[in-house]
Each structure stands twice: as C-alpha cells, then as structure tokens.
Amino acid sequence: LIYISLKFITMNYSLVRHKAAYEGDEKTTVRVINQELELGLMVDSYATYGFRLNNGVTVLGPMALFPRTVLSWQVRGSYEITEESLRLFKILEPKIDLLIIGLETNERKAIDTAFRAARANKINVELLTTEHACSTFNFLNAEGRSVAGALIPPLSVTVNEDDMLQTQLHYRNLYQQDL
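Remember, it's a predicted structure, so these values are computed and weren't measured experimentally.

Draft legend 1. Main features of the sheet that holds strand 7 (residues 58-60). Read from one edge to the other, the open sheet built from 3 strands follows the order 5-6-7, with strand pairing classed as antiparallel. Edge positions in the sheet fall to strand 5 (43-47) and strand 7, since each of these pairs with one other strand and no more. With direction set aside, neighbouring strand axes in the sheet form an average angle of 20 degrees. As defined by bridge partners, strand 6 (residues 50-53) adjoins strand 7 across 3 bridges and the pair is classed as antiparallel. Residue pairing across strands places Phe51 opposite Val59, the latter belonging to strand 7.

Structure representation (structure tokens):
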C-alpha cells in the first residue's frame with residue numbers, strides 16, 4: 001500500500017511516498033478504503049430496507065456479498081438462516097476463509113441457530129450485528145482476505161447529527177450538479 005501526502009518544502013510542493021500511516025512530527029495519514037474501488041465491493045451504508053455499496057448500487061433486503069460480486073440472499077430474517085440457506089457459501093471456488101454473518105438482532109436464539117447452520121456446512125463464521133458485520137467485511141476485504149458477507153438489514157438504525165449533515169450535503173451536491 002502506498003500513501004501519498006503533500007509536504008511544504010521551502011516554498012515548493014513535492015510528492016513524498018510513505019508506507020505507513022504515521023509520518024512523524026505528529027502527522028497522520030488517513031485512507032478511506034470505501035472510496036478505493038480497486039479494493040472491491042464494500043458497504044458504504046445500511047438502512048432498514050437494505051444496503052448501499054461503494055460503487056453506488058443499492059441492494060434491497062438481505063444480501064450475499066463477495067469481494068467483487070453481490071447477490072440477493074433469499075432469507076427474510078435470522079430465523080430463516082439454515083444449513084440450506086448457507087450452502088452457497090460452502091460450494092464456492094475458491095473456498096472462502098471466513099463468512100461474516102450480519103444479524104438484524106442480538107438475540108441468543110438467532111445467534112445459536114445461525115452458528116449451528118454454519119457448523120453443519122463446515123464454514124468458518126463470525127456472527128455479528130449487521131452494523132459491526134459491515135465494517136468487519138470492509139476491513140477484511142480491503143486486506144485482500146478471502147471473505148464473504150451474509151448480511152440482513154437491521155430492524156432499526158440510530159441516526160446522529162453528523163449523519164443528517166452528510167445526507168443534506170450529499171443531496172445539495174446532487175441537485176447542483178449539471179446532468
């Protein structure tokens with residue numbers, strides 16, 4: 001990975017390449033992985049109706065997400081996760097190292113059911129709430145890991161002031177652009 005930053009050197013600008021996020025002199029480089037399409041598909045946002053991916057596609061309902069592919073996943077909720085509904089992730093070639101399942105609930109019964117279905121298929125699984133599963137998938141995908149996500153939209157979403165501001169800025173920019 002190469003990080004590029006601009007440094008001011010005696011009234012001239014020069015490009016300096018670094019291999020680490022920390023540049024010394026209390027400077028840090030931040031990289032937003034969702035904006036780098038060459039890293040593959042990632043989840044930009046989620047809502048109760050589905051997900052928005054970093055390529056601009058909106059997926060309605062549950063989805064099976066892979067580094068370069070997204071499919072509709074035909075389950076209505078965590079209670080429908082069975083050995084049969086996870087079979088797709090077992091037959092993939094090349095094999096995935098980890099399946100991240102994002103559940104819409106944190107109920108123990110739902111977690112146990114999904115875990116048993118994954119174990120029956122002999123799939124390495126990480127069971128998380130949808131909110132955490134999205135970021136975990138993004139991170140592992142950006143690292144180039146062989147990972148897949150089985151994500152169910154959450155039942156509710158908490159919105160904060162920053163989210164509302166970002167939405168307003170997005171739509172203002174959207175309407176001001178020349179088509």
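Let's pick the thread back up.
Draft legend 2. Representation of the nonpolar core. Grouped together as the largest cluster of nonpolar side chains are 21 residues, with contacts concentrated most on Trp73, Ile81, Leu86, Phe89, Leu99 and Ile101. Those elements giving two or more residues to this core turn out to be strand 10 (98-103), helix 2 (108-120) and strand 12 (147-151). Per-element accounting of this core gives the leading share, 4 residues, to helix 2. Not counting residues up to four positions away in its chain, the partners in contact with Leu86 are Trp73, Ile81, Leu99, Ile101, Ala114, Ala117, Ala118, Asn121 and Ile123. Listed in part, the 14 residues of the second largest apolar core include Leu53, Met63, Leu65 and Cys134.

Draft legend 3. The arrangement of the packing of aromatic side chains in detail. As enumerated under the stated definition, the model contains 2 aromatic pairs in all. Taken together, a centroid distance of 5.8 Å and an interplanar angle of 35 degrees make the contact between Phe66 and Phe89 tilted. Of the two residues, Phe66 sits in the loop between strand 8 (63-65) and strand 9 (70-72) while Phe89 sits in helix 1 (residues 87-91), which places them 23 residues apart along the sequence. The same class applies to Phe66 and to Phe89, which are both buried.

Draft legend 4. Structural view of the layout of surface pockets. Volume-wise, the largest pocket comes out at about 1100 Å³. Looking at the largest pocket, it is lined by 27 residues, and the ones nearest its centre are Asp44, Ser45, Tyr46, Arg52 and Thr167. For the lining of the largest pocket, the secondary-structure elements that each account for two or more residues are strand 5, strand 6, helix 3 (130-142) and helix 4 (161-176). Per-element tally for the lining of the largest pocket: the top contributor is helix 4, with 9 residues. Its residues placed into classes, the lining of the largest pocket shows 11 nonpolar, 11 polar and 5 charged.

Draft legend 5. Structural view of the environment of Lys90. Tracing the backbone through its elements, the reader meets Lys90 in helix 1. The spatial distance from the C-alpha of Lys90 to the C-alpha of Asn121 is 6.4 Å, given a sequence separation of 31 residues. Setting aside anything within four residues of it in sequence, one finds Lys90 in contact with Lys95, Asn121 and Ile123.

Draft legend 6. The pairing of strand 5, seen in detail. Alignment of strand 5 against strand 6, held across 4 bridges, turns out to be antiparallel. Across the sheet, the residue bridging to Val43 is Leu53, located in strand 6. What sits between strand 5 and strand 6 in their antiparallel hairpin is a turn of 2 residues.

About the criteria used
- Residues numbered from 1 in each chain as written.
- Predicted model: local features only at pLDDT ≥ 70, side-chain atom pairs only at ≥ 80, totals over all residues.
- Heavy atoms only, no water.
- Pairing = 2+ DSSP bridges.
- Helix = DSSP H or I, 4+ residues; strand = E, 2+ residues; numbered from the N terminus.
- Axes fitted to C-alpha atoms, helices over the stretch in contact; angles between N-to-C directions.
- Core = buried A, V, L, I, M, F, W, Y, C linked by side-chain atoms within 4.5 Å.
- Buried < 20%, exposed > 50% of the residue type's maximum accessible area, 1.4 Å probe, protein only.
- Contact = heavy atoms within 4.5 Å.
- Phe/Tyr/Trp six-rings, centres within 6.5 Å; stacked < 30°, edge-to-face > 60°.
- 1 Å grid on protein atoms, 1.4 Å probe; cavity = no way out; pocket = protein on both sides within 12 Å on 5 of 7 lines; lining within 4 Å.
- Points joined across faces, edges and corners; volume = space filled by probe spheres on them.
- Nonpolar A, V, L, I, M, F, W, Y, C, P; charged D, E, K, R; others polar.

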